[in-house]
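Per-entry structural report
Residue-level listing of the chains:
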Amino acid sequence: GRDAELEAHATAAVVDHLHHPAAAHADHLRHGADDLLGAVDDEELDRLVDDYVAAARLAHACGFRFVDAKACHGYLGHEMLGATTRPGRYGGSIENRMRFITRIVEGIRSAVPGLGVVVRASIFDVVPHRKGPEGVGVPEPVTGEEPGFGVLMNGDIDRALNDARMLLTHLSRI
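What comes next concerns the included structure. Remember, predicted model here, so these are calculated numbers, not experimental data.

So, about the packing of helix α5 (residues 94–111) against helix α7 (residues 162–172). The geometry of a pair of packed helices is captured by two quantities: the angle between their axes and the separation between those axes. Contact pair α5 / α7: the axes reach a minimum separation of 11 Å and the direction vectors enclose 30°. By the angle between their axes, α5 is roughly parallel relative to α7. α7 is crossed by α5, and the crossing has right-handed handedness. Contact residues: α5 offers I94, E95, R97, M98, I101, T102, V105 and R109, while α7 offers D163, M166, L167, H170 and L171. Its residues assigned to classes, the contact of α5 with α7 comprises seven nonpolar, two polar and four charged.

By the element assignment, K70 lies in strand β1 (residues 66–71). Classification of K70 as partly exposed rests on a relative accessible area of 26%. On a C-alpha basis, the gap between K70 and V118 in space is 8.2 Å, while along the polypeptide they are 48 residues apart. Sequence-distant contacts of K70, defined by excluding residues within four places in its chain, comprise Y75, G77, H78, I101 and R120.

Here we come to the nonpolar core. Core analysis: the largest hydrophobic core is formed by 28 residues, its most contacted members being L45, V67, F100, I104, I108 and L167. Listed by contribution, the elements that provide at least two residues to this core are α3 (42–61), β1, α4 (76–81), α5 and α7. Setting aside residues no more than four positions away along its own chain, L167 makes contact with L81, M98, I101, A121 and F149.

Below, the discussion takes up the pattern of salt bridges. Taken as a whole and assessed by the stated rule, the structure comprises ten salt bridges. Residue R120 is joined to D68 by a salt bridge in which the shortest nitrogen-to-oxygen separation is 2.3 Å. Of this pair, R120 sits in strand β2 (residues 116–121) while D68 sits in strand β1, placing them 52 residues apart in sequence. Residue R120 is classed as partly exposed on the basis of its relative accessible area, which comes to 40%. Residue D163 pairs with R97 through a salt bridge whose shortest N-O separation is 4.0 Å. With D163 in helix α7 and R97 in helix α5, the pair connects residues that are 66 residues apart, well separated along the chain. A relative accessible area of 14% places D163 in the buried class. The exposure class assigned to R97 is buried, which follows from its relative accessible area of 6%. Each member of the salt-bridge network shares a partner with another, and the members are D42, E43, D46, R86, R89 and R103.

Moving on to α5. Spanning 18 residues, α5 covers 26 Å between terminal C-alpha atoms, matching the ideal 26 Å at 1.5 Å per step. For α5, the principal kink sits at F100 and spans about 40°. All of the buried residues in α5 are I94, N96, R97, M98, F100, I101, T102, I104, V105, G107 and I108. In the core, the buried residues of α5 are packed alongside α3, β1, α4, β2 and α7.

Calculation notes
- Residue numbers restart at each chain and count upward from 1, following the sequence in its written direction.
- In keeping with the model being predicted, local features are shown solely for residues with a pLDDT of at least 70 and side-chain atom pairs are shown and tallied solely at 80 or more, while totals for entire chains, interfaces and linings include all residues.
- Hydrogens are left out, water is left out, and the side-chain values use all remaining heavy atoms of the structure.
- In this analysis an axis means a line fitted to C-alpha atoms, helices contributing only their contacting stretch, and an angle means the value between N-to-C directions, from 0 to 180 degrees.
- Helix and strand definitions here come from DSSP, where helices need a minimum of 4 consecutive H or I residues and strands a minimum of 2 consecutive E residues; each element is numbered from the N-terminal end.
- To sort the angles, those under 35 degrees are grouped as roughly parallel, those over 145 as roughly antiparallel, those from 65 to 115 as roughly perpendicular, and the leftovers as oblique.
- Each helix crossing is assigned a hand: it is left-handed if the near helix lies turned anticlockwise from the far helix by less than a right angle, otherwise right-handed if that turn is clockwise.
- We call two residues contacting when some pair of their heavy atoms lies within 4.5 Å.
- Residues are grouped as follows: Ala, Val, Leu, Ile, Met, Phe, Trp, Tyr, Cys and Pro are nonpolar; Asp, Glu, Lys and Arg are charged; all remaining types, including Gly, are polar.
- Only protein chains enter the calculation, and the probe is 1.4 Å; a residue is then buried if its accessible area is under 20% of its type maximum, exposed if over 50%, and partly exposed in between.
- In plain words, nonpolar cores are sets of buried Ala, Val, Leu, Ile, Met, Phe, Trp, Tyr and Cys residues tied together by side-chain atoms within 4.5 Å.
- Salt bridge, as applied in this entry: a Lys or Arg side-chain nitrogen positioned within 4 Å of an Asp or Glu carboxyl oxygen.
- One less than the number of residues in a helix, times 1.5 Å, gives the span that helix is expected to have.
- One fitted axis covers the seven residues ending at a residue, a second covers the seven starting there, and the bend at that residue is the angle between these axes.

It is worth stressing that arrangement in space is one thing and function is another; only the former is reported here.
Quick look at the structure:
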């Protein structure tokens, strides 16, 4: 009933905010690296998709006309798009990395027809930087897989936007 919907809404909101980089960093500062939880497994991601859908139902019941599914600014949806080295259904190929946000949008559209769904996505990102010898940020070395979704490397903006083009094309078909 209504209590379960409220709990699902709270779970989705809390989990999304816990996966924001600032929150993760703050947790690291409070507890130290040894106390951090491991990666979320595919089954937990499936449950989170269900939580997002339940939260959308609740938003619709409260009179909202659309919901915002975030895949930007380091939130969980954004992290999943960049999970190039993650094993399982939600990592590796661009198709797998789009699965989390895709399932959220499909689930909301199926469960709450007429509710608008907006996906806010970070279109490109830059490689991580660290403080250089002169106190100015310098790019971290990148070896192997590209380090995320739409990462701008060596100034090649067209290549960086390829992931976003695929995502936008894919979402426009849902």
